[in-house]
Amino acid sequence: MSDSGYLQVTHVALLPSAGMGHLTPFLRLAALLTAHNVHVTFITPSPTVSLAESQSLSHLFTTFPQITQKHLHLLPLDQPSANSEDPFYYHFELIRRSSHLLPTLLSSLCPPLSAIITDMSLASTVIPLTDSLGLPNYIFFTSSAKMLTFYVSFHTMLGPNHEIEDHTKVSGLEQIPKAWIPPPLLQGGNNLLKTFFIENGKKMTESSGILVNTYESIERETLAALNEGKVLKKLPAVIAIGPFAPCTFQESQQLAWLDDQPTGSVLYVSFGSRTAMSRDQIRELGDGLVRSGCRFLWAVKDKKVDVEDNEKLIEVLGQGLLERVKKNGLAVKNWLNQEEILSHPAIGGFLSHCGWNSLTEALWNGVRILAWPQHGDQKINADLVERIGLGTWDKSWGWGEGEMLVKAQDIAERVREIMGNKLLQLQTDHIREEARMAVGDGGSSTKRLYALIEIWKKVQ
Ligand code: UDP
Ligand code: UDP
């Protein structure tokens, strides 16, 4: 018992950012901490951008009534020009501009907090606020450790006009080729993404620690370089606590079609929660999937934000392609419960954009990847896919974002290759085992999580 008479509880607040790629790992972290008897207050920036986010949040609070929900009501921005940028980046900015509301919220929580865990995109605005409260602030980096090396080094690469002068400055590791750098970061002048990289990358050095949803056996060298001061001299501990186990925050969605397919025979095709390809590329992809002759389950996405994705499948694909797809595949144009799909025995491969959550879900289930990075961190992640033996990446496909049109014939060939690659299946079985060991009893990530919770207990 504490001096004040109540049983002491370790209490941690979580502050995610916008989009499923940022929210999902926070939801899993909340579930993980709750399972270890940490009391979690989950701060939800409201409103959300997508329906998927608001639905997942309501599932979290229904499944875990012991988690406290607090809203951070977002204030409108007095700078409409920022609205023309990506809707998710715009929301990052909204949260940053509303973060002055946090100190009152945080200090009102009971029992007092031992720490807050803040999304990487909010570091530069939230760290000064939590410093003034004397509250330890851990930054959760929602991509790979390799991407983290780039994120924290980016500001050191820039010249006086914020143009990249020398992109080779991620020291202690192999160079990241210029072609893998997210294109908006290579532009002159400023944009929201660039500002986030510069400001947050710098400020993260002042956090209490950086959490990453990765683990030793896939990013050993990278984690060592970060923690030995080879990337930046002054960096807090980088703590690998993944891969987070699936924890369903979505309705189960039995797909009878999938149940009828032979084991390991189906390629799942999805580019995540916020990537819409051009219509031409969507149709070329559909043609390629049909020509491959392989079975496939294809999540078609025509708009970045789900609530705007209103056109019917027939309008997006056209009658002819839709009919051909039905021969060996199933195309759907709604949110799928990806965790559930990747764990289905019929799934044998995943054509993925290499969002970090999709990759951690694939390796957790031992599903091999055909990588087709579209933007952001995805080429850096795709490289890791190849290097750890999780899958293949055809670099000639470039970025998805309108850089080129990848032809149906090329897609069909790569699909046939990946689905027929038995060696890769052996490798991914091994990766699956290692992933589960990392978070099992005595695993490297489990040990780090326990150590972290012990530190928080001492803060009380
Ligand atoms: N997701 C899903 N159903 C969909 C699309 C995406 O469940 O139809 C989930 C996916 O499982 C992952 C997250 O949304 O957990 C997307 O995150 P990721 O980092 O893979 O990519 P992003 O969407 O941020 O590009
Ligand atoms: N690795 C890493 N970061 C990377 C790539 C690899 O930490 O970006 C680690 C990871 O643990 C991997 C090991 O280095 O298992 C070996 O990877 P590499 O590509 O160097 O394989 P090699 O061909 O040298 O065996």
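Cut-offs applied
- Residues numbered from 1 in each chain as written.
- Chains lettered and ligands numbered in written order.
- Predicted model: local features only at pLDDT ≥ 70, side-chain atom pairs only at ≥ 80, totals over all residues.
- Heavy atoms only, no water.
- Near = heavy atom within 4 Å.
- Polar contact = N/O pair within 3.5 Å; in protein donor to acceptor, adjacent residues only side chain to side chain.
- Areas by Shrake-Rupley, 256 points an atom, 1.4 Å probe, with all protein chains shown as cover.
- Helix = DSSP H or I, 4+ residues; strand = E, 2+ residues; numbered from the N terminus.
- pLDDT = per-residue confidence, 0-100.
- Buried < 20%, exposed > 50% of the residue type's maximum accessible area, 1.4 Å probe, protein only.
- Nonpolar A, V, L, I, M, F, W, Y, C, P; charged D, E, K, R; others polar.
- Core = buried A, V, L, I, M, F, W, Y, C linked by side-chain atoms within 4.5 Å.
- Contact = heavy atoms within 4.5 Å.
- Axes fitted to C-alpha atoms, helices over the stretch in contact; angles between N-to-C directions.
- Parallel < 35°, antiparallel > 145°, perpendicular 65-115°, else oblique.
- Left-handed = near helix turned anticlockwise from the far one by under 90°.
- Pairing = 2+ DSSP bridges.
- Salt bridge = Lys/Arg side-chain N within 4 Å of Asp/Glu carboxyl O.
- Phe/Tyr/Trp six-rings, centres within 6.5 Å; stacked < 30°, edge-to-face > 60°.

Draft legend 1. Broad picture of the site of ligand 2. Lining the immediate environment of ligand 2, one finds Lys146, Ser217, Ile218, Glu219, Arg220, Glu221, Thr222, Leu384 and Arg387. In this structure, Glu221 approaches ligand 2 through a main-chain N or O atom, which is 2.9 Å from an oxygen atom. Coverage of ligand 2 by the protein chains reaches 61% of its 520 Å² of free accessible surface. Contributions of two or more residues to the shell around ligand 2 are made by helix H9 (216-227) and helix H16 (378-387). It is H9 that provides the largest number of residues to the shell around ligand 2, a total of 6 residues.

Draft legend 2. Representation of the confidence of the model for the protein within the structure. Looking at the protein, the pLDDT average stands at 93 and 96% of residues meet or exceed 70. With pTM at 0.95, the complex prediction returns an ipTM value of 0.88.

Draft legend 3. Up close: helix H15 (residues 356-365). In terms of residue burial, H15 counts as a mostly covered element, since 10 of its 10 residues are buried. Within the sequence span of H15, burial applies to Trp356, Asn357, Ser358, Leu359, Thr360, Glu361, Ala362, Leu363, Trp364 and Asn365. A positive backbone phi angle near 65 degrees is found at Gly366, which sits one or two residues after H15.

Draft legend 4. Structural detail: the site of ligand 1. Lining the immediate environment of ligand 1, one finds 16 residues, of which Ser273, Leu336, Asn357, Ser358 and Glu361 sit closest. Residue Ser273 places a side-chain N or O atom 2.5 Å away from an oxygen atom belonging to ligand 1. Contact distances for ligand 1 include 2.8 Å between an oxygen atom and a side-chain N or O atom of His353. Taken by itself ligand 1 offers 530 Å² of open surface, and the protein chains cover 94% of this. Counting only elements with at least two residues in the shell around ligand 1, the list comes to helix H1 (20-35) and H15. For the shell around ligand 1, the leading source of residues is H15, giving 4 residues. For the shell around ligand 1, the per-class residue count stands at 4 nonpolar, 10 polar and 2 charged.

Draft legend 5. Quick peek at the nonpolar core. In terms of nonpolar packing, the biggest core is built from 76 residues, with Phe141, Leu148, Phe150, Phe154, Met204 and Ile369 touching the most fellow members. The leading source of residues in this core is helix H6 (residues 145-153), at 6 residues. Those residues within four positions of Phe154 in sequence are excluded, and the remaining contacts are Ile164, Leu185, Lys194, Phe197 and Ile198. With 33 residues, the next largest nonpolar core counts Leu23, Phe26, Tyr138 and Ile453 among its residues.

Draft legend 6. A look at the packing of helix H3 (residues 87-98) against helix H8 (residues 192-203). Packing of H3 against H8 brings their axes to within 9 Å, and their N-to-C directions diverge by 50 degrees. Viewed along their axes, H3 and H8 adopt a mutual orientation that is oblique. H3 and H8 meet at a crossing whose hand is left-handed. Along the contact surface, H3 presents Tyr89, Tyr90, Phe92, Glu93 and Arg96, while H8 presents Leu192, Leu193, Phe196, Glu199 and Asn200. Residue composition of the contact of H3 with H8, by class: 6 nonpolar, 1 polar and 3 charged.

Draft legend 7. Inspection of the sheet that holds strand E13 (residues 391-393) at higher detail. On the basis of which strands lie adjacent, the open sheet formed by 6 strands has the order E10-E9-E8-E11-E12-E13 and parallel pairing. Edge positions in the sheet fall to strand E10 (329-332) and E13, since each has one partner strand and no second. Each neighbouring strand pair of the sheet contributes to a mean axis angle of 15 degrees, computed without reference to strand direction. Alignment of strand E11 (residues 347-352) against strand E12 (residues 368-371), held across 4 bridges, turns out to be parallel. When the bridges of E12 are listed, Leu351 appears paired with Leu370. Against the sheet, helix H11 (residues 279-292) engages strand E8 (266-270), strand E9 (295-299) and E11, with an angle of about 160 degrees to E9. Running over the sheet, H15 touches E11 and E12 and is turned about 165 degrees from E11.

Draft legend 8. Highlighting the pattern of salt bridges. Throughout the structure, instances matching the rule amount to 25 salt bridges. Across the pair Arg274 and Asp86 runs a salt bridge, and its minimum N-O distance is 2.5 Å. Taken together, the residues span a long stretch of sequence, with Arg274 in the loop between E8 and H11 and Asp86 in the loop between strand E3 (68-73) and H3 at a distance of 188 residues. With a shortest N-O distance of 2.7 Å, Arg414 and Asp394 are connected by a salt bridge. One end of the pair, Arg414, is in helix H17 (residues 408-420); the other, Asp394, is in the loop between E13 and H17, with 20 residues separating them in the sequence. Here the two residues Arg414 and Asp394 agree in accessibility, since each one is buried. When salt bridges that share partners are traced, they join Glu93, Arg96, Arg97 and Glu199 into one network.

Draft legend 9. View of the environment of Ala346. By secondary structure assignment, the location of Ala346 is in the loop between helix H14 (338-342) and E11. When the C-alpha positions of Ala346 and Ala240 are compared, they lie 31 Å apart, and in sequence the two are 106 residues distant.

Draft legend 10. Looking closely at the packing of aromatic side chains. In the structure shown here, the tally under the stated rule is 16 aromatic pairs. Summarising the aromatic geometry, the rings of Tyr138 and Trp456 are spaced 5.7 Å apart at their centres and angled 80 degrees between planes, so their arrangement reads as edge-to-face. Here Tyr138 is found in strand E5 (residues 137-141), whereas its partner Trp456 is found in helix H19 (residues 444-459), with 318 residues between them in sequence. When sorted by exposure, Tyr138 lands in the same class as Trp456, which is buried. The interplanar angle of 55 degrees and the centroid separation of 5.6 Å between the aromatic rings of Trp180 and Trp393 together place this pair among those described as tilted. Linking Trp180 in the loop between H6 and helix H7 (183-186) with Trp393 in strand E13, this pair joins segments that are 213 residues apart in sequence. There is no split in this pair, since Trp180 and Trp393 are both buried.

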